[in-house]
Amino acid sequence: MPTDVKDQIAISGENTCLVLWVAQAVVERGIRAVIHQDHSHLVRKFFGANPLILSQTTSLLGSVENHILVKTKSDHKDEEYSEKARLVVAGVGFNPEELISLAKRYNPHRTIGADIVFGPGCHGLPYAGLTKGIGSAFNGKGFRMPYTGERCYAHVEDFACASVEALLSPSPSNCSPSQIGELASVEEILRDLEYVFPYNGITAQGPRTNSPFDDARLPPHSILQGIEKSQAVLKQMSRI
């Protein structure tokens, strides 16, 4: 078990779902994940008695030299971190200009940005229509996604892995965010949902909106793969 502070990564953020997904990406690499005790009520439920998961207070969290700060557009408070830490800011729902502002504000090692992050547990994130659509299709219920148009989508596991890789990357500190996700129209999203969940009753309505991100970083078919991953997780959770 790693004990040196350099073998630990602190993860902070208001959204418990994202914090836990990033923690999973950390422990899968054999590194200890240090999470604020505010999230401890769900840590044991999802990770059991895993020695690589550690809940700590803000003061102890700040002593860790490596830190991933998860920010969403819907957050209501600022998260604390050590200014001496090697820091990655992982933002969800911010446009490119807002991501640049975050990078200048925190001066991190790297900044990761995603337009829409979807998957199990992501109901509270900005633009959660795809997440809710997957859950509704899995449970055999119809659902109308509340927007149409073209947006950039990243599965939550891909977002978490990108955040960890950004921290472990040898690249120098900079204020140029890395934007991840796959650009897709709502018609393509509905097609992928129909492929995984045939005859699901999922539709879309609302004003047409375009993604602020003008290109995609994830490989083709990652949205379809993310929907399939979400289906697998929901099946596993339904058996618990």
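Before going into details, it helps to say that this report is about the structure given with it. Residue numbers restart at each chain and count upward from 1, following the sequence in its written direction. In view of the model being predicted, local features appear only for residues whose pLDDT reaches at least 70, and side-chain atom pairs are presented and counted only at 80 or more, with totals across whole chains, interfaces and linings using the full set of residues. In computing side-chain properties, one takes all heavy atoms of the structure into account and sets aside hydrogens as well as water.

Brief notes about unusual backbone geometry
Excluding glycine, a negative phi dihedral is what most residues carry, and trans is how most peptide bonds are arranged.
Alright, step 1. The phi dihedral of Tyr127 falls on the positive side, at around 55°, and the residue is not glycine.
Alright, step 2. Elements are defined by DSSP. Helices are runs of H or I of four residues or more, strands are runs of E of two residues or more, and each kind is numbered from the N terminus. With respect to the helices and strands, the residue Tyr127 is situated in the loop between strand 7 (116-118) and helix 5 (129-138).
Alright, step 3. If you check the backbone angles, His221 has positive phi at about 75° while not being a glycine.
Alright, step 4. Among the structural elements, His221 can be located in the loop between strand 13 (208-210) and helix 8 (222-239).
Alright, step 5. Assessed through its relative accessible area of 55%, His221 is described here as exposed. Exposure is judged per residue with a 1.4 Å probe applied to protein chains only, and the accessible area is read against the type maximum: over 50% gives exposed, under 20% gives buried, and values in between give partly exposed.

Here's the deal with the pattern of salt bridges
Alright, step 1. Salt bridge, as used here, is a side-chain nitrogen of Lys or Arg placed within 4 Å of a carboxyl oxygen of Asp or Glu. The final tally for this structure, using the stated rule, is seven salt bridges.
Alright, step 2. The closest approach of N and O atoms between Arg191 and Asp192, which form a salt bridge, is 3.6 Å.
Alright, step 3. Residue Asp192 is classed as buried on the basis of its relative accessible area, which comes to 10%.
Alright, step 4. The network of salt bridges with common partners includes Glu157, Asp158 and Lys229.

Things to note about the environment of Arg86
Alright, step 1. Tracing the chain through its elements places Arg86 in strand 5 (residues 86-92).
Alright, step 2. Classification of Arg86 by relative accessible area gives partly exposed; the value is 31%.
Alright, step 3. Polar side-chain contacts of Arg86 include one of 2.7 Å to the side chain of His109. Polar contacts here mean pairs of N or O atoms no more than 3.5 Å apart (in protein, one a potential hydrogen donor and the other a potential acceptor; neighbouring residues in sequence count only if both atoms are side-chain atoms).

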